[in-house]
Structure formats: C-alpha cells, structure tokens
Amino acid sequence: MAYSAEISRTSPTAILFLLDQSASMQEPFGGAEQRGDAAPSKARVLADVVNRLLQNLILRCAKEDGVRDYFYVGVIGYGERVQPLIRPAEEYRVAGDLVPISHLAERPLRLEERLKKVPDGKGGFVEQRVKFPVWFDPHAKNGTPMCQALDLAASMVRTWIDLHPHSFPPIVINITDGEATDGDPLRYAQQLRSFATDDGETLLFNVHLSSSEEPAVELPSSVDELPRDEYAVLLFQMSSLLPFTMRAAAEQEGYRVTMDTRGFVFNADPVALVRFLEIGTRPSTLR
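The model shown is predicted, which means the values in this text are computed figures rather than measured ones. (Residues numbered from 1 in each chain as written. Predicted model: local features only at pLDDT ≥ 70, side-chain atom pairs only at ≥ 80, totals over all residues. Heavy atoms only, no water.)

Student: Can you break down the environment of Val 223 residue by residue, with the values?
Tutor: With respect to the helices, strands and loops of the structure, Val 223 is situated in the loop between strand 13 (217-218) and helix 5 (230-238). What makes Val 223 partly exposed here is its relative accessible area of 35%. When residues no more than four places from it in sequence are discounted, the contact partners of Val 223 are Val 233 and Phe 236. (Helix = DSSP H or I, 4+ residues; strand = E, 2+ residues; numbered from the N terminus. Buried < 20%, exposed > 50% of the residue type's maximum accessible area, 1.4 Å probe, protein only. Contact = heavy atoms within 4.5 Å.)

And the structure:
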C-alpha cells in the first residue's frame with residue numbers, strides 16, 4: 001500500500017515548508033487573538049506557528065539516546081527573495097539543503113523567553129515563563145514568487161529522493177495569503193508532485209491564510225465545498241490527496257474525510273492553521 005513506509009533513522013523522510021513572505025503578510029491575521037490594541041500580522045503568526053511546530057517535531061524525535069533523525073526539514077521563504085530560511089552545516093549539504101532534525105535541535109537562531117498559559121491544578125491557568133526556540137524571523141516585502149518557490153522545492157525534493165529512494169515520500173506544505181505574481185503555479189505544483197519514492201509521489205499541501213473573519217474550509221473533498229473563488233480552486237487542484245494515515249489522523253481530530261479529501265485549507269484562521277499542520281506532518285509510524 002502506498003504511503004506506508006515506516007520512518008526510521010535509516011529511512012527518514014523530509015518535511016519542507018514554503019512560507020509566503022510577500023508585503024501583504026504585514027496585514028493583521030483575520031481571527032487572530034487580539035493582544036493589546038492590535039492583532040499580530042500574518043507574518044508574525046506564521047513564523048510563531050512554524051517555529052513551534054519545528055520544536056514539536058524535535059520533541060517527537062527525542063528519545064533516551066538523544067534526538068533521532070527521523071525527519072530532515074527545510075523552510076523556504078518567498079517574497080523579496082526566494083531562499084532557504086534554515087541552512088545546514090557544510091557536512092549536511094549532501095542532503096540537498098535539508099537539515100537533520102538533531103542538527104535543528106542543537107542550533108536554533110536564538111532562545112526567547114515567552115509567557116505560556118499552563119494549568120494551575122485548580123481548573124484555571126497561570127502564566128509561566130518558558131524558553132521558546134526561534135529558527136527564523138517573520139519577513140514581509142514585495143510580491144509572491146510562488147512559482148520560483150515551488151521550483152526550488154522541486155530541486156530539493158529531487159535531490160532528497162535520489163538519496164532516499166525507498167523512504168516515505170517528502171511532504172511539502174505551502175502557506176500563502178495571495179496569488180502568485182510570477183506565473184501559473186499549477187504546472188510547478190504538478191512537477192513537484194511527480195517526483196516519487198518507491199512508496200509514493202511527493203505530497204504537496206496548501207494553506208490559504210485568512211485576512212477576514214470568514215470561516216475556514218478545511219480538508220475539502222470537492223471544489224463544490226469551496227467558495228466561488230478562482231484562487232481557492234487553483235490551490236485545491238495543486239494539493240495532494242490525503243494518504244490513509246493522515247485521513248485517520250484527521251478523523252481523530254473530528255474531520256469528515258473521504259478518499260477524495262485533499263490536503264488544503266482555505267481562509268485558515270490560527271486554530272485551523274495549527275490543526276492542519278499537526279495532521280500534515282504526521283506521516284507514518286516512527287521506529
């Protein structure tokens with residue numbers, strides 16, 4: 001059965017994030033919790049969410065003998081420039097600019113002190129200061145060169161697959177708030193998805209970030225579930241079908257899924273973004 005390869009240190013998989021860093025990402029995140037007198041920008045929320053997800057991936061790989069390299073990860077930002085936001089040490093260049101998770105754990109850009117709400121044991125919550133690792137900062141400038149980002153991702157994925165032809169296929173998650181400004185991304189998405197290991201084609205999931213209070217459309221199975229929006233239809237068409245393990249994870253989270261469900265969220269609020277990223281990065285059993 002496709003997408004069933006176990007993930008281990010000898011057979012890791014790759015997870016690659018493509019983050020829209022265009023000028024419109026300076027806008028407030030629709031539905032984001034207000035702090036003070038202003039909502040955080042989409043760029044700030046996205047950076048915080050993905051940095052936190054990277055930390056969670058590290059915790060999933062942490063064992064008694066240390067952090068095991070079940071995952072190699074990458075983050076590409078596209079806006080003013082198209083570039084990797086996390087770069088490996090020279091000894092890992094052979095992995096195609098993807099960073100082993102143990103290397104990521106050892107080398108955050110910095111540690112910040114933040115407040116986190118934790119249970120107080122009496123049914124309420126108290127704020128506690130915690131260390132928050134940061135691997136990249138928010139940025140928002142210029143247009144949305146999504147085609148270039150997908151092309152760079154395809155190059156990185158192709159290199160990864162050449163080195164790991166029998167592994168669980170790479171997972172690429174593209175998070176954007178606007179249309180591509182450098183062409184039609186569907187062709188680039190189809191090319192990216194065509195690269196495959198013995199276990200299946202590369203998985204490409206897409207998340208459209210919200211600029212309004214409109215409800216999210218999460219994990220649709222048909223364009224009929226989407227609003228009358230050409231861009232929503234395009235991102236749906238760019239997205240891969242959810243494999244069995246991820247459909248099962250989605251069902252556990254309360255989603256109604258079918259064999260036709262695609263890894264796509266339209267008009268995502270912060271809650272929908274976090275929930276989807278947790279499902280999209282839960283590919284298979286770790287050994």
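Student: Quick one: what's the story with the environment of Arg 68, residue by residue and with numbers?
Tutor: On the secondary structure map, Arg 68 appears in the loop between strand 3 (66-67) and strand 4 (71-78). In this structure Arg 68 touches Arg 9, Cys 61, Lys 63 and Ile 101, once residues within four positions along its chain are discounted. Polar side-chain contacts of Arg 68 include one of 3.2 Å to the side chain of Asp 65. (Polar contact = N/O pair within 3.5 Å; in protein donor to acceptor, adjacent residues only side chain to side chain.)

Student: I'd like a description of the packing of helix 4 (residues 185-194) against helix 5, backed by residues and values.
Tutor: Two numbers describe how helix 4 lies on helix 5: the axes approach to 9 Å, and their chain directions differ by 15°. With respect to helix 5, the axis of helix 4 lies roughly parallel. As helix 4 runs across helix 5, the sense of the crossing is right-handed. Within the contact between the two elements, helix 4 uses Pro 185, Leu 186, Ala 189 and Arg 193 and helix 5 uses Leu 234, Gln 237 and Met 238. (Axes fitted to C-alpha atoms, helices over the stretch in contact; angles between N-to-C directions. Parallel < 35°, antiparallel > 145°, perpendicular 65-115°, else oblique. Left-handed = near helix turned anticlockwise from the far one by under 90°.)

Student: I'd like a rundown of the pattern of salt bridges, residues and numbers included.
Tutor: One pass over the full model with this rule turns up 15 salt bridges. Linking Lys 42 and Glu 27 is a salt bridge whose minimum nitrogen-to-oxygen distance equals 3.2 Å. Linking Lys 42 in helix 1 (residues 42-61) with Glu 27 in the loop between strand 1 (13-20) and helix 1, this pair joins segments that are 15 residues apart in sequence. When the shortest N-O distance is used, the salt bridge between Asp 65 and Arg 68 registers 3.2 Å. A relative accessible area of 53% places Asp 65 in the exposed class. (Salt bridge = Lys/Arg side-chain N within 4 Å of Asp/Glu carboxyl O.)

Student: Go over the side chain of Arg 247 with me, naming the residues and quoting the values.
Tutor: Within the fold, Arg 247 resides in helix 6 (residues 244-252). One buried charged residue, Arg 247, forms no salt bridge at all, with the nearest opposite charge on Glu 251 at 6.5 Å. Of note is the side chain of Arg 247, whose polar atom sits 3.0 Å from the backbone oxygen of Leu 242. Excluding residues within four positions of it along the chain, Arg 247 makes contact with Leu 242, Val 257, Thr 258 and Met 259. (Lys, Arg positive; Asp, Glu negative; His and termini not counted.)

Student: I'd like a description of helix 7 (residues 270-280), backed by residues and values.
Tutor: Taken together, the buried positions of helix 7 are occupied by Pro 270, Ala 272, Leu 273, Phe 276, Leu 277, Ile 279 and Gly 280. With a side-chain oxygen positioned 3.2 Å from the backbone nitrogen of Val 271, the residue opening helix 7 is Asp 269.

Student: Describe the confidence of the model for the protein chain, with residues and values.
Tutor: The predicted structure's coordinates, where accompanied by low pLDDT, should not be read in detail. Of all residues in the protein chain, 92% attain a pLDDT of 70 or more, and the chain-wide mean is 89. Predicted confidence in the protein chain is weakest over strand 7 (residues 110-119), with a mean pLDDT of 82, and strongest over helix 4, with 98. Contacts of residues 31-37 to residues separated by more than four positions or lying in other chains number eight contacts, the stretch itself having pLDDT below 50. (pLDDT = per-residue confidence, 0-100.)

Student: How would you explain the packing of aromatic side chains if you had to name every residue and give the values?
Tutor: Scanning all chains against the criterion turns up four aromatic pairs. With 6.0 Å between their ring centres and 80° between their planes, Phe 205 and Phe 276 make a pair best called edge-to-face. Of this pair, Phe 205 sits in strand 12 (residues 203-209) while Phe 276 sits in helix 7, and the two are 71 residues apart along the sequence. Residue Phe 276 is classed as buried on the basis of its relative accessible area, which comes to 1%. We note Arg 187 situated over the ring of Tyr 188; from NZ or CZ to the ring centre the distance is 4.5 Å. (Phe/Tyr/Trp six-rings, centres within 6.5 Å; stacked < 30°, edge-to-face > 60°. Lys NZ or Arg CZ within 6 Å of the ring centre and 35° of its normal.)

Student: I'd love a proper account of the environment of Ile 76, names of residues and values included.
Tutor: Relative to the elements of secondary structure, Ile 76 occurs in strand 4. Along the sequence, Ile 76 and Leu 19 sit 57 residues apart, while their C-alpha atoms lie 6.1 Å from each other. Excluding its chain neighbours within four sequence positions, the residues that come into contact with Ile 76 are Leu 16, Phe 17, Leu 18, Leu 19, Val 82, Gln 83, Pro 84, Leu 85, Ala 149, Leu 152, Ala 153 and Met 156.

Student: Can you explain unusual backbone geometry? Please cite residues and give values.
Tutor: With the exception of glycine, most residues fall at negative phi, and the peptide bonds are largely trans. At Tyr 3, a residue that is not glycine, the phi angle is positive and equals roughly 60°. Along the chain, Tyr 3 turns up in the segment before strand 1. In this structure, Leu 219 takes a positive phi of about 50° despite not being glycine. Relative to the assigned elements, Leu 219 resides in the loop between strand 13 and helix 5.

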